[in-house]
Amino acid sequence: MDISPHSFSGSRYGLCASGLIAALLLAWFYHWSPSSFPARLLTEEPVGLYNEMTEALLAGQLSLLDEPDPRLIALDDPYDPAANAPFRRNDVSYRDGRYYLYYGIAPAISFHLPIRLLTGRYPAESTATLVYCLGTALLSVSVLLALRRRAFPGASPIVLVSGVIALCLANGYQAVLRHPSANHVAIAAAACFAMLALTLLFKAMAHRTAPSLPWLAAAGLAFSLAMASRPNYLFGAAALLVPLFPWHARAPATSIRIALATVLPCALVAAALLALNAIRFGSPGEFGMRLMLGAWDQRELPDSGLAQVTSNAWHYLASPPDWSPYFPFARSPTWLATGIFMHVPLLWFLPTAWLSLRARGARSITAAAALLGIGILFYLLILPSGNNEAVLASANSRYVFDFQPALMLLAAVGILAASQALNRRPLLQGAVSAAAGLACAASVVLTLSLDFQKLPTNSYRPLARVLNLPPHILEGWAGQQFGPVEMEVTFPETGPGIVEPLLAVGDDRGGDVLLIRYEGNGRARLSLASQGSFGATGEPFDLRPGIARSAFISMGSLLPPEGHPMIDGLDEPDAAYLRRLARVTIDGEIVFEARSSFFAPAAAPVVAGRNPVLPDYGSPEFTGSMRQTGRAPVTAPFRTTQLLDGYGPLALAVVFPATPTGQNEPLIVSGVPQAGDFVVARIGQDQTVRIGIDHWGTQLVMGEPVPFIPGTTTRIEIHLGSLFPPRGHVLFADWDRDAIDRAKDHVRILLDGRTVLDRRLSTYESSPYDVTVGVNAIGGSTTAPVFSGQILGVDRLPMAPNGAP
């Protein structure tokens with residue numbers, strides 16, 4: 001096969017057409033987001049902090065147009081979290097009675113402001129992250145293709161294709177793309193501008209005599225925009241000095257011109273940023289972080305996190321995800337980063353990058369990419385935590401996009417160099433190609449796992465059916481079973497206060513355990529716990545100690561994974577109901593039933609009579625006797641509670657508890673784990689209630705305290721974007737754009753006709769069958785498992801444009 005550069009130039013038009021089609025497919029995939037922010041490109045209103053910053057710039061000011069609450073301004077110490085909690089606005093900086101955006105200003109100037117001026121509308125935050133992530137991927141691919149033509153023409157096409165695919169689908173895009181916010185816009189913009197700087201550096205170094213000064217100046221300007229998006233990119237600025245290395249000794253005059261062309265744009269932008277800091281925050285070195293309002297006092301933020309270097313390095317580089325034999329194969333259990341070397345095997349080829357330093361046309365870009373990625377990673381390792389007591393590490397998963405694209409490019413160049421070096425050894429070159437292809441496939445599948453874990457299971461069912469086929473086959477050979485557990489149980493005679501395990505699914509890394517709590521007098525209750533979070537407790541039932549009884553246990557964690565043939569016959573409502581259901585019958589009588597979140601992954605070990613999930617809680621073993629008799633088939637459930645079919649706002653008839661629990665309690669929960677929304681109630685000591693909204697991944701927003709009368713019924717109306725269908729749904733056919741935006745981008749909550757919370761807030765899309773009332777069924781940490789009061793009724797309100805908030 002002819003793989004010379006001439007063969008590529010001969011099919012230039014075909015390659016361009018193929019590249020355009022691939023770019024369009026990638027754009028479609030990046031834009032496809034069934035469970036993230038509403039998938040719209042432009043909005044009529046300035047939704048999002050960067051659009052608010054754009055409006056401020058158009059008004060000729062640096063502070064946001066939104067004015068702080070006068071009660072916040074009047075506080076003696078407006079940065080005291082306890083004092084400012086009722087009045088503050090989260091994720092912005094505050095100084096001298098004004099709010100400021102502390103995120104880098106470059107995205108507002110380079111993207112949001114031009115779109116606003118050209119169209120009169122505002123780009124959604126999802127649009128900005130889409131454009132920047134797409135730019136990062138395509139720019140890195142362009143560098144790789146150019147390197148292949150220039151320095152590695154003998155490299156295997158398989159290696160090239162593997163590198164291209166990995167740079168598009170395993171570069172860490174999911175860290176910022178699926179949960180767009182102002183922070184994610186800044187991260188994505190900085191990565192895009194930094195990759196643009198690397199691309200321009202490569203163009204500058206392509207000249208044989210001396211680097212092109214205009215290209216170097218353009219690279220310096222691009223990198224300055226990266227720093228103006230994320231100031232931590234200063235730690236990767238050494239990449240700009242790479243063109244100096246060949247010239248600093250043999251041609252000092254040339255090296256001076258190179259330095260001026262590259263560094264001067266960065267220096268000018270850096271000076272402007274320092275001046276901007278002085279104007280907004282009173283000091284050139286203050287970027288607004290210590291003036292941010294939030295759950296803790298950021299003025300106490302240390303200068304570095306040296307004490308957390310080991311922890312941060314572990315999370316960024318080597319911490320394993322939660323593995324499962326079924327797709328999604330890798331899951332991130334928390335907001336902390338999952339080690340890139342654990343879920344991106346292509347990065348194992350990073351050591352081969354030294355081979356590219358021997359290639360005349362690749363050594364400069366290799367060195368630049370290495371300095372960029374390693375420099376920013378170094379900063380993140382020493383990044384201080386916002387609150388050392390509340391946050392044990394600062395290795396946030398979204399920060400991997402700061403350095404992973406550069407390291408991915410470095411690894412892709414490395415495997416090209418390795419393949420080129422083995423050009424005359426076909427067997428060894430074939431082995432490298434096979435290893436690169438397998439590493440690329442594994443990297444893409446595991447990245448998709450981390451990405452899709454945030455989506456409703458029905459959104460990736462076709463993909464799961466394909467990827468889960470090999471595990472299904474192995475499962476049949478091994479005799480793996482799924483479904484409810486049937487067992488014969490003989491309960492012991494024991495005193496009150498004893499807690500014993502009945503059934504556990506999982507191990508000490510995470511899972512679910514069904515507990516029996518003895519009350520004495522031959523009575524007991526069942527309760528459910530998951531990963532240390534205790535959920536619902538059932539009503540007392542008669543034990544009949546010493547008598548063998550038939551038990552039937554159904555829990556969501558006992559079901560097979562999405563795409564399994566056992567559940568293919570279930571429709572979406574039934575499958576959603578079963579995945580959130582815990583039900584136990586004894587001799588055919590229901591003794592425990594609850595809607596709950598389950599943490600044990602599919603195919604987790606099922607252990608009867610022991611508690612490996614919470615080994616230090618209660619007795620280690622069940623003291624009666626039990627014998628598992630089988631696993632029941634998965635069938636359509638008998639529903640004892642009504643699913644919330646359809647779309648529209650909800651009306652609840654609620655009796656608030658008279659005694660405060662000290663916790664936020666769930667009223668409405670929608671979505672899936674890591675992509676859900678919570679409407680919560682918090683009961684005060686003075687017979688008041690505060691209603692709040694928690695959008696997963698952001699700060700909890702609480703309304704003002706409202707008095708209530710214990711024992712009386714309160715009507716709560718909840719208008720929430722996740723309760724409405726996605727944009728473009730047929731139910732929105734007769735609505736105008738403004739009415740749809742009001743419905744989807746606002747939360748409005750009324751208590752007995754009085755508005756207690758009304759603000760602009762995007763929410764995650766949710767299936768109607770992923771909405772639960774009074775139950776935290778997706779495991780959010782900001783609210784209790786269940787509502788401790790009474791919910792007497794739930795009704796869907798008419799979905800009409802004039803009913804939108």
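Residues numbered from 1 in each chain as written. Predicted model: local features only at pLDDT ≥ 70, side-chain atom pairs only at ≥ 80, totals over all residues. Heavy atoms only, no water.

A. Summary view of the overall build of the protein chain. Along the backbone of the protein chain there are 22 helices and 28 strands. C-alpha extents for the protein chain along the principal axes are approximately 95 × 70 × 55 Å. Restricting to contacts in the protein chain with at least 6 residues of sequence separation, those with at least 24 account for 72%. Total accessible area on the protein chain stands at roughly 33,200 Å², and carbon and sulfur atoms take up 60% of it. Averaging the coordinates of the 57 positive side-chain charges in the protein chain and doing the same for the 60 negative ones gives two points 13 Å apart. (Helix = DSSP H or I, 4+ residues; strand = E, 2+ residues; numbered from the N terminus. Contact = heavy atoms within 4.5 Å. Areas by Shrake-Rupley, 256 points an atom, 1.4 Å probe, with all protein chains shown as cover. Lys, Arg positive; Asp, Glu negative; His and termini not counted. Charge placed at Lys NZ, Arg CZ, Asp CG, Glu CD.)

B. View of the sheet that holds strand β14 (residues 581–586). Across the sheet, which stays open at both edges, the five strands sit in the order β15-β14-β13-β7-β17 with antiparallel pairing between neighbours. Of all strands in the sheet, those bounded by a partner on one side alone are β15 (589–595) and β17 (625–631). Geometrically, the sheet is characterised by an average inter-axis angle of 20 degrees between neighbouring strands, direction not taken into account. Pairing between strand β7 (residues 485–490) and strand β13 (residues 548–555): six bridges, direction antiparallel. Looking at the pairing, Glu488 lines up with Ser550 of β13. (Pairing = 2+ DSSP bridges. Axes fitted to C-alpha atoms, helices over the stretch in contact; angles between N-to-C directions.)

C. A look at the pairing of β14. For β14, a buried count of six out of six residues is recorded, marking the element as mostly surrounded by other parts of the structure. The alternating pattern of β14 places Leu581, Arg583 and Thr585 on one face and Ala582, Val584 and Ile586 on the opposite face, and all of these are buried. Bridging between β13 and β14 involves five bridges; their strand directions are antiparallel. Bridge assignment links Met555 to a residue of β14, and that residue is Ala582. (Buried < 20%, exposed > 50% of the residue type's maximum accessible area, 1.4 Å probe, protein only.)

D. Structural context of the packing of helix α7 (residues 125–150) against helix α8 (residues 157–169). Viewed as axis vectors pointing N to C, α7 and α8 meet at an angle of 165 degrees, and their least axial separation amounts to 8 Å. With respect to α8, the element α7 is oriented roughly antiparallel. Relative to α8, α7 is oriented so that their crossing is right-handed. Residue-level inspection shows Ala137, Ser140, Val141, Leu144, Leu145 and Arg148 of α7 in contact with α8, the latter providing Pro157, Leu160, Gly163, Val164, Leu167 and Cys168. (Parallel < 35°, antiparallel > 145°, perpendicular 65-115°, else oblique. Left-handed = near helix turned anticlockwise from the far one by under 90°.)

E. Summary view of helix α21 (residues 572–579). In terms of residue burial, α21 counts as a mostly covered element, since six of its eight residues are buried. Among the residues of α21, those classed as buried are Pro573, Asp574, Ala575, Ala576, Tyr577 and Leu578. Against β14 and β15 lie the buried residues of α21.

F. Looking closely at the sheet that holds strand β28 (residues 790–796). The antiparallel open sheet is built from five strands, whose spatial order is β26-β25-β24-β18-β28. Of all strands in the sheet, those bounded by a partner on one side alone are β26 (754–760) and β28. Across this sheet, the average inter-strand angle for adjacent strands is 15 degrees, counted without regard to direction. Pairing of strand β25 (residues 746–751) with β26 involves six bridges; the strand directions are antiparallel. When the sheet's bridge partners are listed, Arg748 is paired in β26 with Asp758.

G. Just the pairing of strand β10 (residues 523–530), in detail. Burial runs high along β10: six of the eight residues are buried. Here eight bridges tie strand β9 (residues 510–520) to β10, and the two strands are oriented antiparallel to one another. Residue pairing across strands places Asp512 opposite Ser530, the latter belonging to β10. Linking β9 back to β10 in an antiparallel pair, the connection comprises two residues, with Asn521 at a positive phi of about 60 degrees.

H. Just the confidence of the model for the protein chain, in detail. Averaged over every residue, the pLDDT of the protein chain is 86; residues scoring 70 or more account for 93%. Here residues 1–10 scores under 50 on pLDDT; set against residues more than four positions off or in separate chains, the count is 12 contacts. (pLDDT = per-residue confidence, 0-100.)

I. Structural detail: the pattern of salt bridges. Under the counting rule described, the total for this entry stands at 20 salt bridges. When the shortest N-O distance is used, the salt bridge between Arg95 and Asp96 registers 3.7 Å. By relative accessible area, which is 63% here, Asp96 ends up exposed. Among the salt bridges present, the one from Glu519 reaches Arg525, with a minimum N-O distance of 2.3 Å. Judged by relative accessible area, Glu519 falls into the partly exposed class, the value being 35%. Overlapping salt bridges, with partners in common, bring together Glu52, Asp66, Arg89 and Arg760 in one network. (Salt bridge = Lys/Arg side-chain N within 4 Å of Asp/Glu carboxyl O.)

J. Structural detail: the environment of Ser356. Within the secondary structure layout, Ser356 lies in helix α15 (residues 353–356). Overall, Ser356 belongs to the buried group, its relative accessible area being 0%. Once the C-alpha coordinates of Ser356 and Ile374 are considered, the two residues, 18 residues apart in sequence, prove to be 17 Å apart. Reaching out from Ser356, the side chain makes a polar contact with the backbone oxygen of Ala353 at a distance of 2.5 Å. (Polar contact = N/O pair within 3.5 Å; in protein donor to acceptor, adjacent residues only side chain to side chain.)

K. Seen up close, the nonpolar core. Judged by nonpolar contacts, the single largest core of 141 residues is most densely connected at Tyr30, Tyr132, Phe152, Phe223, Tyr233, Tyr316 and Leu372. Per element, the largest residue contribution to this core is 18 residues, and it comes from helix α10 (residues 182–205). If sequence neighbours within four positions are ignored, Tyr233 has contacts with Ala190, Ala191, Ala194, Phe223, Ala226, Met227, Leu372, Ile376, Phe401 and Asp402. Counting residues in each nonpolar core, the second largest holds 29 residues, with Leu502, Ala582, Phe598 and Ala604 among its members. (Core = buried A, V, L, I, M, F, W, Y, C linked by side-chain atoms within 4.5 Å.)

L. Representation of the side chain of Arg631. Looking at the element boundaries, Arg631 is found in strand β17. This buried residue, Arg631, is left without a salt bridge; Glu486 holds the nearest opposite charge, at 8.5 Å. Engagement of the side chain of Arg631 in a polar contact is seen with the backbone oxygen of Gly483, the distance being 2.8 Å. Leave out the neighbours within four places in its chain, and Arg631 touches Gln481, Phe482, Gly483, Pro484, Val485, Glu486, Leu558 and Val606.

M. Inspection of the packing of aromatic side chains at higher detail. For the structure shown, the criterion picks out 28 aromatic pairs. Among the aromatic residues, those joined into a cluster by ring pairs are Phe29, Tyr30, Trp32, Tyr173, Phe327, Phe329, Phe452 and Tyr460. (Phe/Tyr/Trp six-rings, centres within 6.5 Å; stacked < 30°, edge-to-face > 60°.)

N. Layout of the packing of helix α3 (residues 49–58) against helix α6 (residues 106–119). At a minimum axis separation of 9 Å, α3 and α6 run at an interaxial angle of 75 degrees. Taken as axis vectors, α3 and α6 run roughly perpendicular relative to one another. Residues Tyr50, Asn51, Met53, Thr54, Glu55, Leu57 and Leu58 of α3 pack against Pro107, Ala108, Ile109, His112, Leu113, Arg116 and Leu117 of α6.

O. Region of interest: a nonpolar patch on the surface. A cluster of nonpolar residues, Leu241, Phe245, Val263 and Leu371, forms a patch on the protein surface that exposes about 320 Å² of accessible area. Looking at the element boundaries, Phe245 is found in the loop between α11 (213–229) and α12 (252–281). Judged by relative accessible area, Phe245 falls into the partly exposed class, the value being 49%. (Patch = residues over 30% accessible without salt bridge, like charges linked within 9 Å, V, L, I, M, F, W, Y side chains within 5 Å.)

P. Representation of the side chain of Thr772. With respect to the helices and strands, the residue Thr772 is situated in strand β27 (residues 771–773). Only 2.9 Å separates the side chain of Thr772 from the backbone oxygen of Val775, close enough to count as a polar contact. Residues within four places of Thr772 in sequence aside, it is in contact with Arg595, Leu667, Ile668, Val669 and Ala777.

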